[in-house]
There are 2 protein chains.
Amino acid sequence: MRSPEALAQRFRETDRKVTPQRIAVFEALDKGAGHSTAEQVHSSVAENLPTISLKTVYEILRELSELGELVMLDLGTGAVRYDHNLVLHHHLVCNECGAVVDIPAHLTDLQLDGVQDLGVSVSTAELVLRGSCSRCNTQDPKQPSNK
Amino acid sequence: MRSPEALAQRFRETDRKVTPQRIAVFEALDKGAGHSTAEQVHSSVAENLPTISLKTVYEILRELSELGELVMLDLGTGAVRYDHNLVLHHHLVCNECGAVVDIPAHLTDLQLDGVQDLGVSVSTAELVLRGSCSRCNTQDPKQPSNK
DNA sequence: AACCAGACAACAATCATTGTTGATTGGGGT
DNA sequence: ACCCCAATCAACAATGATTGTTGTCTGGTT
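All values reported here derive from a predicted model rather than from experimental measurement. (Residues numbered from 1 in each chain as written. Chains lettered and ligands numbered in written order. Predicted model: local features only at pLDDT ≥ 70, side-chain atom pairs only at ≥ 80, totals over all residues. Heavy atoms only, no water.)

*Asks:* Can you walk me through the side chain of H35(A) in this structure?
*Replies:* Residues and elements named next belong to chain A. Looking at the secondary structure, you find H35 in strand β1 (residues 35–37). Engagement of the side chain of H35 in a polar contact is seen with the side chain of H91, the distance being 3.4 Å. In this structure H35 touches Q40, L73, R81, Y82, D83, H89, H91, V100 and D102, once residues within four positions along its chain are discounted. (Helix = DSSP H or I, 4+ residues; strand = E, 2+ residues; numbered from the N terminus. Polar contact = N/O pair within 3.5 Å; in protein donor to acceptor, adjacent residues only side chain to side chain. Contact = heavy atoms within 4.5 Å.)

*Asks:* Looking at this structure, how should I read the interface of chain B and chain A?
*Replies:* You'll often see interface size given as the accessible area lost when the parts meet. The interface of chain B with chain A comprises 35 residues on the first partner and 35 residues on the second. Interface of chain B and chain A: buried area, both sides summed, is about 2,700 Å²; carbon and sulfur atoms make up 56% of it. Considering only the side of chain B, the residues that lose the most area to chain A are L107(B), E126(B) and R130(B), jointly responsible for 19% of the buried surface there. Counting every contact that joins chain B to chain A gives 2 salt bridges. Measuring nitrogen to oxygen at the nearest pair gives 3.6 Å for the salt bridge that ties R130(B) to E126(A). The tally of links from chain B across to chain A stands at 12 residue pairs in polar contact (both at pLDDT 80 or more). Mapped by element, the contributors of at least two residues to the side of chain B that touches chain A are β5 (100–104), β6 (109–111), β7 (121–132) and α5 (134–138) of chain B. At 12 residues, β7(B) tops the list of elements feeding residues into the side of chain B that touches chain A. Its residues assigned to classes, the side of chain B that touches chain A comprises 16 nonpolar, 13 polar and 6 charged. Inspection of the sheet shows strand β7 (residues 121–132) of chain A paired to β7(B) by 11 bridges, in the antiparallel sense. By the bridge assignment for β7(B), S121(A) is matched with S132(B). (Buried area = accessible area lost by both parts, 1.4 Å probe. Salt bridge = Lys/Arg side-chain N within 4 Å of Asp/Glu carboxyl O. Nonpolar A, V, L, I, M, F, W, Y, C, P; charged D, E, K, R; others polar. Pairing = 2+ DSSP bridges.)

This is how it looks when you write it as structure tokens:
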């Protein structure tokens, strides 16, 4: 994730206006968890800017993903996640608490060598693991944390 | 995918009734493409059984997935896909026509050796590739086919 | 300070999916 | 064969995430 200032700069460079709403979203993302939903970003922003609409948050997030500053992730958890982490990695969705954990790509090894034989071409590969996160693994008596 | 007869048998064994609607869904799945949406199954069934409701189709599909006879797949294409193929495999979603292509697992090699160090435990791994299918690869001038 | 494209908030709409309800029916036990 | 009742059904309403519409407002350049 780039700093709020860098994102503001990027917006100016691409002829977008840097509004209070946008600054607030940049900052919420910066201090946020890393795989927030639009709803979560909106809640966070609304603490300081109560009038901001959810629609506006959706628009700003979409623009950020168009600029490649974040990645939209559909992990089958109901709502799209907006991922700051621009370095190649994978995800584990905790079956117990719903948390999303980054899995560094170097911990996995994907060999797709045989795939071309099917006549397809692959542009992206997304590995979704399901299981339980370290927190739920240790303190098992289920305590829903962040969805 | 098991035969419609085998599914009927399975339903009887688990104290479920074998209704005309269920038989029709079993048969639609049997002759269908392999990653149908609920909507597609409903359309197919409705050709012979015009009064069946979409809700009923959803219920039958959910029961089949509870029995492990098919797998619900959310590939980020808007609607859940119901997958007949019970053998481990992965999926490629065509960015051009939206088709879903099975990728046999033996064509890929997933090494997850380093993952435990994070304290997580992995129960399932789902690899989603995006790119273009063999059809769109050859006859490029885009022709939307089956979504 | 004025301008105006772009951004905003409020509101309605959409789409996949699930909940509710009240009528209907399959099939095991008599 | 008949009864019975839980299981199933269809119609309808509701949900939740997301997007479309519209008319007003504002950031940042002139």
